[in-house]
Amino acid sequence: MRFDQIYPYIGDQRRELIDLIEELTPEQWTARFGRRTLYSAEQIVFRLTEQERWWIGHVCQNLPWDDIRPNIRRDRQEAIEQLRATFALTDRYVETLEPESLRFARTVPPDAQANRPEENRRIDWIIWQVVTQESFAFAEIQLLTNL
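Notes on the structure in this doc start here. (Residues numbered from 1 in each chain as written. Predicted model: local features only at pLDDT ≥ 70, side-chain atom pairs only at ≥ 80, totals over all residues. Heavy atoms only, no water.)

1. A closer look at the overall build of the protein chain
Okay, so step 1: Regarding its fold elements, the protein chain presents seven helices and two strands.
Okay, so step 2: Relative to its length of 147 residues, the protein chain is compact, with a C-alpha radius of gyration of 16 Å against a globular reference of 15 Å.
Okay, so step 3: When its C-alpha atoms are laid out on the principal axes, the protein chain stretches across 45 × 35 × 25 Å.
Okay, so step 4: Considering only contacts within the protein chain whose residues lie at least 6 apart along the sequence, 69% involve residues at least 24 apart. (Helix = DSSP H or I, 4+ residues; strand = E, 2+ residues; numbered from the N terminus. Rg over C-alpha atoms; globule rule 2.2 N^0.38 Å. Contact = heavy atoms within 4.5 Å.)

Right, here's the structure in full:
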């Protein structure tokens, strides 16, 4: 299954997000606008990258968190590359899925010892969570550039 079979606009959404990040000035990349915004664009991108890797890599694929956790240090180009790598990780995972596997649940957190079944999530919910986070990141950064 391809991601665009689940969400047809994911490719456009991701391209627009990357384009938006590339167009930011250095000041827009790092600025927070007082009390009006909680995060800078830099922090939004890092948070998105980290959350998507946690959900898709760690929760869904049970990859060791220390191996996939992003480490971005104030370099916008590196952040973009990490974000693209994260999108690729998500796309490769979705390609392994069949429609019926979207109903399978994942242990949240992925440590079976700490498992509380009421916190487990279905794969379709996790994928929707990822799409939502990508949408929110785009909107947050776009709002920052218009303040």
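2. Some details on the packing of aromatic side chains
Aromatic rings considered in pairs are described by the distance between their centres and by the relative angle of their planes.
Okay, so step 1: Taken as a whole and assessed by the stated rule, the structure comprises four aromatic pairs.
Okay, so step 2: Geometrically, the ring pair formed by Tyr 7 and Trp 128 is edge-to-face, given 6.2 Å between the ring centres and 75° between the ring planes. In this pair, Tyr 7 is assigned in the loop between α1 (3–6) and α2 (10–23) and Trp 128 in helix α7 (residues 123–145), connecting sequence segments 121 residues apart.
Okay, so step 3: According to the relative accessible area criterion, Tyr 7 is buried, its value standing at 19%.
Okay, so step 4: Taking 5.2 Å as the distance between ring centres and 65° as the angle between the ring planes, the aromatic pair formed by Trp 55 and Trp 125 counts as edge-to-face. Of the two residues, Trp 55 sits in helix α4 (residues 41–60) while Trp 125 sits in helix α7, which places them 70 residues apart along the sequence.
Okay, so step 5: Relative accessible area serves as the criterion here: at 10%, Trp 55 is assigned to the buried category.
Okay, so step 6: These aromatic residues form a ring-pair network of at least three members: Tyr 7, Tyr 9 and Trp 128.
Okay, so step 7: One residue, Arg 47, lies across the ring of Tyr 39, its end atom 4.2 Å from the ring centre. (Phe/Tyr/Trp six-rings, centres within 6.5 Å; stacked < 30°, edge-to-face > 60°. Buried < 20%, exposed > 50% of the residue type's maximum accessible area, 1.4 Å probe, protein only. Lys NZ or Arg CZ within 6 Å of the ring centre and 35° of its normal.)

So, to be careful, I would describe these as geometric facts and stop short of saying anything about function.
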